[in-house]
Amino acid sequence: MLQYIAKRLLFMAPLLVGITIICFAVMHLAPGSPTDLQTQMNPRASAEAQERLRAMYDLDKPLYHQYWIWVKKLAVLDLGQSFSTDHRPVADKILERLPITILLNVLSLILILAIAIPIGVLSAVHQNSLFDKLTSVLVFVGFATPTFWLALLLMILFGVQLGWLPISGIRSLNYEYLPAVAAFWDLIKHLILPVMLSAFGGLAGLSRYMRSNMLEVIRQDYITTARAKGLSERAVIYKHALRNALLPVITILGLSIPGLIGGSVIFETIFAIPGMGQLFYMSVMARDYPVVMGILFIGAVLTLLGNLVADVSYAVADPRIRVS
Amino acid sequence: MESDFWKRFLQNKMAVAGSLVVLLLFAVSLLAPWIAPYDPSMIDLTQVLAAPSSAHPFGTDQLGRDVLSRMIWGARISLKVGFVATGIAILLGAILGAVSGYYGRWVDAVIMRFVDVMLCFPTFFLILAVIAILEPSIWNIMIIIGLTGWMGITRLVRADFISLKERDFVLAARVIGASDLRIIFIHILPNAMASILVAATLGVAGAILTESALSFLGIGVQPPTPSWGNILTAGKDNIDIAWWLSLYPGMAILITVLGYNLLGEGIRDSLDPRLR
């Protein structure tokens, strides 16, 4: 097992280097200098002051040198300072917003699993039934639905028309004065719509995948064997077939992480949730390059870690992977 | 073979429905100047945020512009973005995949690691980061969506090439002295066209979804140019008073993407019924 993990880590190393190169390249595509925004806004900035500013961000050095400086700092999680007026370290700005983004994504992942797996299994077991046909249509519609539009519609319905759910932020204004239980309920109410919508994006794909997995497993010889020795249909499906059909889902979960993280930009912006996605959007609008580069990097590293966790859990669940 | 394809395709109701939607969109985009009831940029301050009526079937926006007319012109933008972005992705994906699958060894290793690295990035993050630098404009959007969407096609074309290059017709071409370039583009690539076509159709749908999300966030197609995404931005700004600004453009996106997806799946199923 340890050997397997070491092998995966070794495979990840070049990817990590590639990620740093792409992050760095993206940020240096920019025509002109990132400090232009600060200096051009200020007519009194002299040529020397501009040079000093450039030197402060190491922009006067050759590219490979800048890359090396940047990577060395990355190694100790020093992502530089924000260009915005608070000039705070980028790492701090991201870290304080990361928990809410991770919380949202984990909750929606749980919701996706809880809904998509039963749908996939049931439509495979009752192939071509009304339920199967209905869910197939829903899956197609789900694939084509822009989730931010669905967000708008649900905000209109539950927020504006019915007034059941809040449509912005994660806390009410009077949050601090609420007793603990009410405060918790307040948080839940704010999270319902964002989590539901973020889960919606992944539902169609996973239930479709689960269905085809299950269909494939049901046709295997050992299922016929299980039936032949007189096991109840229930035991055949939920004990023998389901377990094997669930295995590849681990990989799919790993693969769905970049989509979820990317989607957090949209949901956090729509619902005004102070997470990493919203910070990313605001930094893009403000051209706060160090923050943009930092989040781009963190997003890719989170994906890499998610894939590692998926690979390792697959190996734990399925011994065949470890051996080959 | 060809007639089999059409027979199967025409029997597939979903595929036919998808192609009708796509054809309708082409027609609407082409005929936009003639079928739009109003000038899409005509501001009428006496009709600000008017609810749907017989004069304005889909209502008006915050500047009194006719939403239906803006959506008809917006169809052009979607079509343009979908095709140009996918074109770029296909071009890159086909070339990289072909080279990777044909030459194998270190060329393949380098290209495939590059694909792995690109897939580590949440695509939406990558797109936003580049937009932060390049200014949002319709051309930049199309190029960026294309440049971040070629990885899947590369893997697909590579897989096709790996199995195709072992076939006898490739050996025959090599025996008569055809160059590598000729073998790749004249002999093998046409055989990989089927899977590329399917990927392209599904790619157009994806590009349209991405463009609408970007325009919705205000970093895609910039007003006053109408796009389905940026009408929805106005919908969000007026969420408590003008539901029609949110409802109709989103439905247009949904139907369009659904159409392309059904068409793509239909083509796939008709090309090779065993894949179903």
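Residues numbered from 1 in each chain as written. Chains lettered and ligands numbered in written order. Predicted model: local features only at pLDDT ≥ 70, side-chain atom pairs only at ≥ 80, totals over all residues. Heavy atoms only, no water.

Trainee: Would you mind going over the overall build of chain B with me for this structure?
Mentor: Of regular secondary structure, chain B possesses 11 helices and zero strands. Tracing chain B from N to C terminus, the helices and strands come up as α-α-α-α-α-α-α-α-α-α-α. Principal-axis analysis of the C-alpha atoms places the extent of chain B at approximately 75 × 45 × 30 Å. Taken over 276 residues, chain B has a buried fraction of 52%. Sequence separation of 24 or more characterises 71% of the internal contacts of chain B that already satisfy a separation of 6 or more. Here chain B has roughly 12,500 Å² of accessible surface; of this, 67% comes from carbon and sulfur atoms. (Helix = DSSP H or I, 4+ residues; strand = E, 2+ residues; numbered from the N terminus. Buried < 20%, exposed > 50% of the residue type's maximum accessible area, 1.4 Å probe, protein only. Contact = heavy atoms within 4.5 Å. Areas by Shrake-Rupley, 256 points an atom, 1.4 Å probe, with all protein chains shown as cover.)

Trainee: Any chance you could explain the confidence of the model for chain B here in plain terms?
Mentor: Segments scoring low in pLDDT should not have their predicted coordinates read at a detailed level. Mean pLDDT over chain B: 86, with 97% of residues reaching 70 or higher. In the predicted complex, the global pTM is 0.85; the interface-specific ipTM is 0.84. (pLDDT = per-residue confidence, 0-100.)

Trainee: Explain the interface of chain B and chain A to me, please; I cannot follow it from the model alone.
Mentor: How big an interface is tends to be stated in terms of accessible area lost as the parts join. Between chain B and chain A, the contact holds 41 residues from the first and 46 residues from the second. The interface formed by chain B and chain A contains five residue pairs in polar contact (both at pLDDT 80 or more). With 12 residues, helix 11 (residues 243-271) of chain B is the single largest residue contributor to the side of chain B that touches chain A. (Polar contact = N/O pair within 3.5 Å; in protein donor to acceptor, adjacent residues only side chain to side chain.)

Trainee: Even after reading the chapter, I still don't get unusual backbone geometry, so can you show me in this structure?
Mentor: Keep in mind that most residues, glycine aside, have a negative phi and that most peptide bonds are trans. Each neighbour pair has its own omega, and for Pro223(B) with Pro224(B) the value is 10°, a cis peptide bond. One can find Pro224(B) in the loop between helix 9 (180-216) and helix 10 (228-237). The phi angle at Asn128(A) is positive, at roughly 70°, despite the residue not being glycine. Residue placement: Asn128(A) occurs in the loop between helix 5 (90-125) and helix 6 (130-144). The phi dihedral of Ala272(A) falls on the positive side, at around 50°, and the residue is not glycine. Positionally, Ala272(A) belongs in the loop between helix 10 (233-270) and helix 11 (276-286).

Trainee: For this particular structure, what's the right way to read a nonpolar patch on the surface?
Mentor: On the surface, a cluster of nonpolar side chains totalling about 380 Å² of accessible area is made up of Ile102(A), Leu103(A), Val106(A), Leu107(A) and Ile110(A). Following the sequence through the fold, Ile110(A) ends up in helix 5. (Patch = residues over 30% accessible without salt bridge, like charges linked within 9 Å, V, L, I, M, F, W, Y side chains within 5 Å. Salt bridge = Lys/Arg side-chain N within 4 Å of Asp/Glu carboxyl O.)

Trainee: Which parts of the structure should I look at to understand the packing of helix 3 (residues 67-103) of chain B against helix 9 of chain B?
Mentor: When two helices pack together, their arrangement is given by the angle between the helix axes and by the axis-to-axis distance. Residue and element names in this part refer to chain B. Two elements in contact, helix 3 and helix 9, have axes whose closest approach is 7 Å; the angle formed by their N-to-C orientations is 145°. Here helix 3 and helix 9 pass one another in a crossing that is right-handed. Only Asp180, Ile183, Ile184, Ile188, Ile196, Ala200, Gly203, Val204, Ala207, Ile208 and Glu211 of helix 9 make contact with helix 3, whose side of the interface consists of Ile77, Ser78, Val81, Gly82, Phe83, Ala85, Thr86, Ile90, Ala94, Ala98, Tyr102 and Tyr103. (Axes fitted to C-alpha atoms, helices over the stretch in contact; angles between N-to-C directions. Left-handed = near helix turned anticlockwise from the far one by under 90°.)

Trainee: What's the story with the packing of aromatic side chains in this structure? I'm lost.
Mentor: The relative placement of two aromatic rings is captured by the distance of their centres and the angle of their planes. Residues and elements named next belong to chain B. In this structure the tally under the stated criterion is 11 aromatic pairs over all chains. Considering the side-chain rings of Phe83 and Tyr260, the 6.5 Å spacing of their centres and the 70° angle between planes classify their relative orientation as edge-to-face. Residue Phe83 is located in helix 3, and its partner Tyr260 is located in helix 11; the two are separated by 177 residues in the primary sequence. For Phe83, a relative accessible area of 39% puts it in the partly exposed group. Where Tyr102 meets Tyr103, the ring centres are 5.1 Å apart and the plane angle is 90°; that geometry is what we call edge-to-face. Grouping aromatic residues by their ring pairs yields a cluster made of Phe58, Trp243, Trp244 and Tyr248. (Phe/Tyr/Trp six-rings, centres within 6.5 Å; stacked < 30°, edge-to-face > 60°.)

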